[in-house]
Structure formats: structure tokens, C-alpha cells
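# Geometric and topological summary
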There are 2 protein chains.
Amino acid sequence: MKGNHYNIPVEATLEVIGGKWKVLILCHLKNKKMRFSELQKSIPQITKKMLTQQLRELENDGIINRYVYQQVPPKVEYSLSDIGETLREVLDIMCAWGEKRINNQA
Amino acid sequence: MKGNHYNIPVEATLEVIGGKWKVLILCHLKNKKMRFSELQKSIPQITKKMLTQQLRELENDGIINRYVYQQVPPKVEYSLSDIGETLREVLDIMCAWGEKRINNQA
DNA sequence: AAACTAGGTTACTTAATAGTTACTAGGATA
DNA sequence: TATCCTAGTAACTATTAAGTAACCTAGTTT
């Protein structure tokens, strides 16, 4: 939380999960912890620059954890943090609505 | 629905409510139907151009209704459509998370 | 010794998003 | 008759987000 001055509370949500990629990333991470390269494969359109950038922001906002294995070549795993877990129902319901929409039920 | 080719269903959700303004607009409309100028007042940062643009897109996606009163000066009211109503739980839960976040419970 | 690896970073370019200003309609009000 | 009102639109500019390509690290395999 930074600006901490919102006209309406949902702005706090958008500050954290807004933008083109974050919900996508989190929807993958809510199922399992994933490596950088796994996320890249799962989200083919994203570039490594954007992926790095978005992961850093999510980490800074306390939503995900970043665990670096001390080995070469590098291995880094990302997972939902405890705070990130509180987003699970948000993500689940967004996913569910997308499914409904695709099946023409919305 | 246009591209209709998603890697993951939540992309269908993001296609409809993604971007900087739509969730904000919808969070206002979920409580009551509103006029253009009321929305503008409720979302002070938005310009009329962006508001118009976002409202048109939401209308084209079938999420909101636009009702024009035949009078001068113009009066136009926006409200959630039936399909828009199916987004209510998504919006509610996003709002709720924002409140939690602001109160340091997330 | 060269090449490969994963997970990046940097500098640069391009595309998308958003803002600004001026303008419109046409009846109601001063 | 001049001005106000709301809900816009149009042309243009600025800002921000995103993409591209090259480079880095340092142990492991060829």
C-alpha cells in the first residue's frame, strides 16, 4: 500500500492486481508454485522483461514469495504469499466468470 | 466476446473488465443506475473522453445498458445489464478485498 | 576451451492509453 | 438575444506500457 488515498476501496485492489498481466500470473500461481520459465511457458505472450517486472511488483506488494535456489543455472520459484492467499477467492471468482462467459452463460 | 481464443478462461474476464477504469465504473453502477455526469463526479480522475470510451465498450460487450431520455439538455442513464449483473459477485469480492487491504487485513 | 543453462538486466523502440482543447446540439432560462 | 445546460465528438499531443535485441553470471556438460 502506498498512495493509501482512495476514492473507493476497490482502487486498493486494482493497485495490486491491475494491469495486463498480474491476474494471469496469479491465476497460475494459485494452483502451484512455479519457476520463472514455467510461468513464461504458461503465458506465451508475455516477454521475460514484463514477467520480471510484474513479479517484482507483486513481490514488493507482498502478494508472492520468491525463493532462489543457490545453484547454477539459476532456479527461482514463485508462490502465493499468505497475503496472496487472501486473493484466492477473488481469482477463483474471476476465473469462474470467464468460464461462464466462454460457455455463453454470461 | 471477440478473440474467443484464450489460453486460460480468466482472459475472457479480463477482456471485459480489464483496463484502468472499467471495474471502477462498474463498482459504481452496481449500486445504482447513474447519469454520465454522476459517474464523472464519482470518478474525479477520469476525463469525459475516457468515460465515454469505456462506457461504449462496456455497452458493446453487453455489460451495461444505456438509456437516453429524449430531452434537452441531454440525460443519459447507465445501469448494469442482465449480463452485467452476473459480474456482481466478482465486483463485490474485489471491493471487499480492497477494504480488507486498506484495514491492513491483507 | 566452447557452448549451454535459467533468470535475469539494460538500452532502445514502438504501440497503446490517456489527456487537452475546442466544438456540437437545441431547448430552457435570464 | 445571449448564455447555460448535458452528453457527448474530433483532432491533436503527451504519457505510459510494452516489446526487442543484446548482454550478463558462473557452474556444468561437450
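One can find the structure itself at the top, above this paragraph.
Now for a look at the structure at hand. (Residues numbered from 1 in each chain as written. Chains lettered and ligands numbered in written order. Predicted model: local features only at pLDDT ≥ 70, side-chain atom pairs only at ≥ 80, totals over all residues. Heavy atoms only, no water.)

## Focus on the pattern of salt bridges
All names here are of chain B. Heads up, the condition is: Within this document, salt bridges are pairs made up of a side-chain nitrogen of Lys or Arg and a carboxyl oxygen of Asp or Glu, the two lying within 4 Å of each other. Type-normalised accessible area, obtained with a 1.4 Å probe on protein chains alone, sets the label of each residue: buried when under 20%, exposed when over 50%, and partly exposed for intermediate values.
As enumerated under the stated definition, the model contains 8 salt bridges over all chains in all. Across the pair Arg88 and Glu85 runs a salt bridge whose closest N-O atoms are separated by 2.9 Å. Owing to a relative accessible area of 28%, Arg88 belongs among the partly exposed residues under this scheme.

## Description of the interface of chain B and chain A
Put simply, the test is: By definition, residues are in contact when any of their heavy atoms lie within 4.5 Å. Buried area, as used here, totals the accessible surface that two parts lose on assembly, with accessibility defined by a 1.4 Å probe and the loss added over both. In the analysis that follows, any N or O atom pair within 3.5 Å is treated as a polar contact, provided that within protein one partner can donate a hydrogen and the other can accept it, and provided that, for residues neighboring in sequence, both atoms belong to side chains. Working definition: helices are DSSP H or I runs of at least four residues, strands are E runs of at least two. Numbering for both runs from the N terminus. Amino acids are sorted into nonpolar (Ala, Val, Leu, Ile, Met, Phe, Trp, Tyr, Cys and Pro), charged (Asp, Glu, Lys and Arg) and polar (every other residue, Gly among them).
The partner chain A presents 36 residues to the 36 residues of chain B that form the contact. Buried surface at the junction of chain B and chain A, both sides included, amounts to about 3400 Å², of which 72% is carbon and sulfur. Applying the counting criterion to the chain B and chain A interface returns 2 salt bridges. The residue Glu89 of chain B makes a salt bridge to Lys100 of chain A at a minimum N-O spacing of 3.9 Å. For the interface between chain B and chain A, the tally reads 8 residue pairs in polar contact (both at pLDDT 80 or more). Here the side of chain B that touches chain A gets 11 residues from one element, more than from any other, and that element is helix α6 (residues 88–102) of chain B. Looking at the side of chain B that touches chain A residue by residue, the class counts come to 23 nonpolar, 7 polar and 6 charged.

## Considerations on α6 of chain B
Just so we agree on the cut-off: One fewer than the residue count of a helix, multiplied by 1.5 Å, yields its expected span.
Compared with an ideal rise of 1.5 Å per residue, which puts 15 residues at 21 Å, α6 of chain B spans 21 Å between its outermost C-alpha atoms and is within 8% of the ideal. Residues of α6 of chain B that are buried include every one of Val90, Leu91, Ile93, Met94, Cys95, Trp97, Gly98 and Arg101 of chain B, and no others. Turning to α6 of chain B, the residues buried within the fold contact α1 (10–17), α5 (82–85) and α6 (88–102) of chain A together with α1 (10–17) and α2 (22–29) of chain B. Phi turns positive, to about 60 degrees, at Asn104 of chain B, one or two residues after α6 of chain B.

## Concerning the relation of the copies chain B and chain A
Rules: When the copies are superposed, the least-squares fit draws on C-alpha atoms of residues that have pLDDT of at least 70 in both.
Once turned by 180 degrees and shifted 0.0 Å along the axis, chain B lies on chain A with an RMSD of 0.1 Å. With respect to symmetry, the two chain copies, as superposed, fit the operation of a two-fold axis. Among all residues of chain B, the minimum C-alpha distance to the rotation axis is found for Gly19 of chain B, at 3.2 Å. The share of interface residues of chain B whose copies in chain A are also at the interface is 100%, consistent with both copies meeting through the same surface.

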